[in-house]
Amino acid sequence: MSDDTGYVLRIERTFDASAEEVFDAWTSPEVMRRWLHCEEAWQTPEAEVDLRVGGKVRVVMRTAEGRDAGMGGEYRVIDRPRRLVMTWTFDDYPENEQLIELTFSESDGSTTVLMVNTGISTDGRRESQDMGWNGCFTELQRLLA
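Attention in this report is confined to the structure presented alongside it. All values derive from a computational prediction rather than experimental measurement.

### What to know about the pairing of strand β6 (residues 83-90)
With respect to burial, β6 is a largely interior element, seven of its eight residues being buried. The pairing of strand β5 (residues 68-79) with β6 spans six bridges and is classified as antiparallel. Looking across to β6, one finds that Asp79 is bridged to Arg83. Between β5 and β6, which pair antiparallel one after the other, the connecting turn spans three residues. The pairing of β6 with strand β7 (residues 93-107) spans seven bridges and is classified as antiparallel. By the bridge assignment, Val85 is partnered in β7 with Glu101. Counted between consecutive antiparallel strands, the loop separating β6 from β7 contains two residues.

### Some details on the pairing of strand β3 (residues 43-49)
Note on strand geometry: in a regular strand, side chains alternate between the two faces of the sheet. With five bridges joining them, β3 and strand β4 (residues 56-62) adopt antiparallel strand pairing. In the strand pairing of β4, Glu48 is matched with Arg58. Hairpin connection between β3 and β4: a loop of six residues separates the two successive antiparallel strands, and Gly54 in this loop has a positive phi of roughly 90°.

### Side note on the packing of aromatic side chains
According to the stated counting rule, one finds six aromatic pairs in the structure shown. Aromatic side chains Phe15 and Phe137 sit 6.1 Å apart centroid to centroid with 20° between the ring planes, which places their arrangement in the stacked category. Within this pair, whereas Phe15 is found in strand β2 (residues 6-15), its partner Phe137 is found in helix α3 (residues 123-144), the two being separated by 122 residues in sequence. For the pair formed by Phe15 and Phe137, the shared burial category is buried. Ring plane angle 70° and centroid distance 5.0 Å describe the contact between Trp26 and Trp35, whose orientation is recorded as edge-to-face. By relative accessible area, which is 3% here, Trp26 ends up buried. For Trp35, a relative accessible area of 0% gives the class buried. Members of the aromatic cluster, joined through ring pairs, are Phe15, Trp26, Trp35, Trp88, Trp133 and Phe137. A cation over an aromatic ring shows up here: Arg125 above the ring of Phe90, its NZ or CZ 5.5 Å from the ring centre.

### Examining unusual backbone geometry
Generally, phi is negative for residues other than glycine and the peptide bonds are trans, each holding for most cases. Residue Pro81 follows Arg80 across a cis peptide bond; omega there is 0°. Locating Pro81 in the fold gives a position in the loop between β5 and β6. Backbone geometry places Asp108, a non-glycine residue, at a positive phi of 55°. Along the chain, the position of Asp108 falls in the loop between β7 and β8 (110-120). Judged by its relative accessible area of 80%, Asp108 falls in the exposed class.

### Quick notes on the packing of helix α1 (residues 19-27) against α3
Look at α1 against α3: their axes get within 12 Å of each other, and the N-to-C directions meet at 125°. One finds that α1 runs oblique with respect to α3. The crossing of α1 and α3 is right-handed. On the side of α1, the interface is formed by Val22, Ala25 and Trp26, while α3 contributes Trp133, Phe137, Leu140 and Leu144.

### Regarding the layout of surface pockets
If you add up the space inside the largest pocket, you get close to 480 Å³. Lining of the largest pocket is provided by 19 residues; of these, Cys38, Trp42, Phe90, Ser128 and Gly132 occupy positions nearest its centre. Secondary structure elements with two or more residues in the lining of the largest pocket: β5, β6 and α3. With seven residues, α3 is the single largest residue contributor to the lining of the largest pocket. In terms of residue class, the lining of the largest pocket is built from 10 nonpolar, five polar and four charged.

Definitions and cut-offs
- Residues numbered from 1 in each chain as written.
- Predicted model: local features only at pLDDT ≥ 70, side-chain atom pairs only at ≥ 80, totals over all residues.
- Heavy atoms only, no water.
- Buried < 20%, exposed > 50% of the residue type's maximum accessible area, 1.4 Å probe, protein only.
- Helix = DSSP H or I, 4+ residues; strand = E, 2+ residues; numbered from the N terminus.
- Pairing = 2+ DSSP bridges.
- Phe/Tyr/Trp six-rings, centres within 6.5 Å; stacked < 30°, edge-to-face > 60°.
- Lys NZ or Arg CZ within 6 Å of the ring centre and 35° of its normal.
- Axes fitted to C-alpha atoms, helices over the stretch in contact; angles between N-to-C directions.
- Parallel < 35°, antiparallel > 145°, perpendicular 65-115°, else oblique.
- Left-handed = near helix turned anticlockwise from the far one by under 90°.
- Contact = heavy atoms within 4.5 Å.
- 1 Å grid on protein atoms, 1.4 Å probe; cavity = no way out; pocket = protein on both sides within 12 Å on 5 of 7 lines; lining within 4 Å.
- Points joined across faces, edges and corners; volume = space filled by probe spheres on them.
- Nonpolar A, V, L, I, M, F, W, Y, C, P; charged D, E, K, R; others polar.

Below you can see the structure in the form of structure tokens.
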């Protein structure tokens, strides 16, 4: 799927946790280090958060083979625990600034997260990010279980 600003990735996942817990998992460096990586064998040795509009977020994931992949962005909207919007750029492709919009909807003790990632430059990168983000969501599900 694409629009006039590039390819779009949309993921929706429900977690057995409150909206506050799930929102905090996206904004607490300590918690991000425990789940924000694509596979269980990977690590997140670096997570930095300046949680304010205009503040920066930065993450470095490390593969099981020891390769690092860095990424980050700037917070545009912070509406705890309902909405979080940030730019997102990968270190290996800094000219492709993307936008990630997260909405958190709580019902009966569970929270559904809708992530819409826009501005992805190619279909191949969208496919790669689909795999990567779904892996991250699986790790978050493990953490919150």
